[in-house]
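Structural overview for review
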Amino acid sequence: MKVPYIKQHADVFLDPNAGLWKKSAVGRFNLMPTPIKMIEHLSPFMANSTEYGKVNQIESRIAHNGAKITILLSWQDATRNDAIRDLDQFIDGVAVMFPFTSNANPLTMGDAENPVNAWFWRADKEEPYDVIAHGYGSSKRRIGKELGLVVNSSYQDGRWTVVFQRALRAGLISHQQVNFAPDKVTGISFAVWDGGNADRAAQKSFSGGWEPLELEA
Ligand code: HEM
């Protein structure tokens, strides 16, 4: 997917209705339920679930202004689940994941030698998380705000829209965050949780392999 350079103040990109988004092509990705049998060793209970991962498409528009990258995501969800009021309730969410190495496998959320970085939004939280994982079962949430990640979300007419934004270059290397640069290609993959369908953790829909992300200079 091409990520156009658009000369605009970063705040403007946070508005999903801003005219600049017309300059960025829409990517439409089919989503499928995660291959949950792969986590049987971690959770035999979760591995037996069958009704999860029904959200089957996500749209994305991505652009940068030389300093920040913005990822606009939207998908259909008939129920807005943004609060837990009982034990059997779950939360809508979305995440984008990036590899740290060329061998990182999105199907396993990376592994010990090939970690992945994800930006994770949940409908019950004002702030996003920046997640690092070395294979499923290992994900560590960090406060996105402390790592420069911001989010804007809205729900209208049965559709969620979520906008993530961060500096192209993360602050400190020790924070282990993905970095972007014009003319450098990285990969992205997508996951959606439908709280109304009890999606959580591995029970979600995802886009499969890495989609190449090419930042235009
Ligand atoms: C595009 C692909 C994927 C993305 C963006 C993604 C993202 C995430 C994120 C952000 C979390 C943390 C949730 C939390 O903190 O509550 C998570 C958890 C989890 N994911 Fe994934 N995931 C992907 C694919 C998969 C696949 C294919 C599987 C298994 C077949 C899987 C298994 C798990 C499991 C077991 C957890 C809970 C344990 C943990 O936190 O590591 N994921 N995922």
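Coordinates for the structure precede this section.
Keep in mind the model is a prediction, meaning the values are calculated, not measured.

Cut-offs used in this document
- Residues numbered from 1 in each chain as written.
- Predicted model: local features only at pLDDT ≥ 70, side-chain atom pairs only at ≥ 80, totals over all residues.
- Helix = DSSP H or I, 4+ residues; strand = E, 2+ residues; numbered from the N terminus.
- Rg over C-alpha atoms; globule rule 2.2 N^0.38 Å.
- Buried ≥ 20, exposed ≤ 12 C-beta atoms within 10 Å, placed from the backbone.
- Contact = placed C-beta atoms within 7 Å.
- Core = buried A, V, L, I, M, F, W, Y, C linked by C-beta atoms within 7 Å.

Some remarks on the overall build of the chain
A tally of regular secondary structure across the chain gives 2 helices and 14 strands. Radius of gyration (C-alpha) of the chain: 16 Å, near the 17 Å computed for a compact globule of 217 residues. The principal-axis extents of the C-alpha atoms in the chain amount to approximately 50 × 40 × 30 Å. Looking at the chain as a whole, 36% of its 217 residues qualify as buried. Looking at the chain alone, contacts between residues at least 24 apart form 61% of all its contacts between residues at least 6 apart.

Things to note about unusual backbone geometry
Look at D183: it is not a glycine, yet its phi comes out positive at around 75°. Structurally, D183 is set in the loop between strand 11 (159–167) and strand 12 (185–193). Not every positive phi belongs to a glycine, and A201 is a case in point at roughly 50°. Its place among the elements puts A201 in the loop between strand 12 and strand 13 (205–206).

Considerations on the environment of R85
Looking at the element boundaries, R85 is found in the loop between strand 5 (68–76) and strand 6 (93–99). Remark: the alpha-carbon pair of R85 and S43, spanning 42 residues in sequence, is separated by 25 Å.

Focus on the nonpolar core
Core analysis: the biggest nonpolar cluster contains 43 residues, and A95, V96, A118, V162, F164 and V192 have the highest contact counts within it. Where this core is concerned, the elements lending two or more residues are strand 4 (57–64), strand 5, strand 6, strand 7 (116–122), strand 8 (129–133), strand 11, strand 12 and strand 14 (211–215). Setting aside its immediate chain neighbours within four residues, A95 contacts A118, W119, F120 and A191.

So, the environment of G93
As for its position among the elements, G93 is in strand 6. A tally of 25 C-beta atoms within 10 Å means that G93 is categorised as buried. C-alpha of G93 to C-alpha of W121: the two residues are 28 residues apart in sequence and 5.5 Å apart in space. Ignoring any residue separated from it by four or fewer positions in sequence, one finds G93 in contact with F120, W121, R122, A123 and W193.

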